[in-house]
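What follows is each chain in one-letter form.
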Number of protein chains: 2
Amino acid sequence: MDFSEPGDVLLADCPARTTLDVIADKWAVVVVFALGRGPRRHTELRELIGGVSKKMLTQTLRKLEGHGLVERRERPAAPVRVEYRLTELGATLLGPVESLSRWAEDNAEGILAAQDRRAELHAA
Amino acid sequence: MDFSEPGDVLLADCPARTTLDVIADKWAVVVVFALGRGPRRHTELRELIGGVSKKMLTQTLRKLEGHGLVERRERPAAPVRVEYRLTELGATLLGPVESLSRWAEDNAEGILAAQDRRAELHAA
DNA sequence: CAGGATCCTCGAAGATACTG
DNA sequence: CAGTATCTTCGAGGATCCTG
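Note that the coordinates shown come from a computational prediction; the quantities given were computed from them, not determined experimentally. (Residues numbered from 1 in each chain as written. Chains lettered and ligands numbered in written order. Predicted model: local features only at pLDDT ≥ 70, side-chain atom pairs only at ≥ 80, totals over all residues. Heavy atoms only, no water.)

Residues and elements named next belong to chain A. Note that strand S2 (residues 70–75) and strand S3 (residues 81–86) share six bridges and pair antiparallel. Within S3, the residue paired with Glu71 across the bridge is Arg85. Between the end of S2 and the start of S3, which pair antiparallel, lie five residues. (Pairing = 2+ DSSP bridges. Helix = DSSP H or I, 4+ residues; strand = E, 2+ residues; numbered from the N terminus.)

This is the structure:
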């Protein structure tokens, strides 16, 4: 249990932590997941995701774009059409994200059960 | 690309999304990661993680405990000693979390590069 | 349609001090 | 040591309106 070994990153002020901050945010994860199935437009994403404001979605997309994970492609037309897609780099994030979402799906029940047990204790 | 297929969860108001909210937070991920190597005490965690306030750490631990991912074990003594460890359920989260952290580590460089390219454009 | 600009609020989180 | 309590600030994010 020696944390000074290499491989024990993610702690303190390492690049991995910085990088994690990019994606350790609810919307980023969900957006990447949603784009995992192919390019989507702003409105499509909003409908698919649900519960995200226009502002937050744009903000999240800009952030992901700024980090090279998402590409914005504007179709000249009137009214404008804008498509977002994962970049090659962004696509590599899909594995971990889906691993996470699979876990979330598989363990939703257990988590909620624990939550409820808590609630009951708290009520007593 | 049909989102109505099963397996396309994580969108809208599904249990997976609720569950994701539990862990889609910076500190939660890092704490789980840190506990992945064995039980740790409050102070140890604070030192290992770095940049987290006492308050936030306690809060995060309570949350994880409330969701059945972490167990709090108090050793009667003076001064009190408290150990935190992953529960069995919590340990199952280790896979996804490490998958994520490995990604973060491997792609830190690429991410930062994209970031910098952006910064330059913005400066111009 | 996509998204900038503005205004406003409310809660997340730091600082500080105290306790079992 | 491992917290709790209190106070305060600061910015994330919603609502609304406007534009190319």
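The structure having been displayed, the exposition proceeds.
Near DNA strand C you find 15 residues, and of these Thr43, Arg72 and Tyr84 of chain A together with Ser53 and Lys55 of chain B are the closest. Backbone atoms, meaning sugar and phosphate, make up 67% of the atoms of DNA strand C lying within 4 Å of the protein. Separating a phosphate oxygen of DNA strand C from a side-chain N or O atom of Arg41 of chain A is a distance of 3.0 Å. A distance of 2.6 Å is found between a base oxygen of DNA strand C and a side-chain nitrogen or oxygen belonging to Lys55 of chain B. Contributions of two or more residues to the surface near DNA strand C are made by helix H3 (42–49), helix H4 (54–66) and S3 of chain A together with helix H4 (54–66) of chain B. Element by element, the count of residues in the surface near DNA strand C is highest for H4 of chain A, at three residues. (Near = heavy atom within 4 Å. Polar contact = N/O pair within 3.5 Å; in protein donor to acceptor, adjacent residues only side chain to side chain.)

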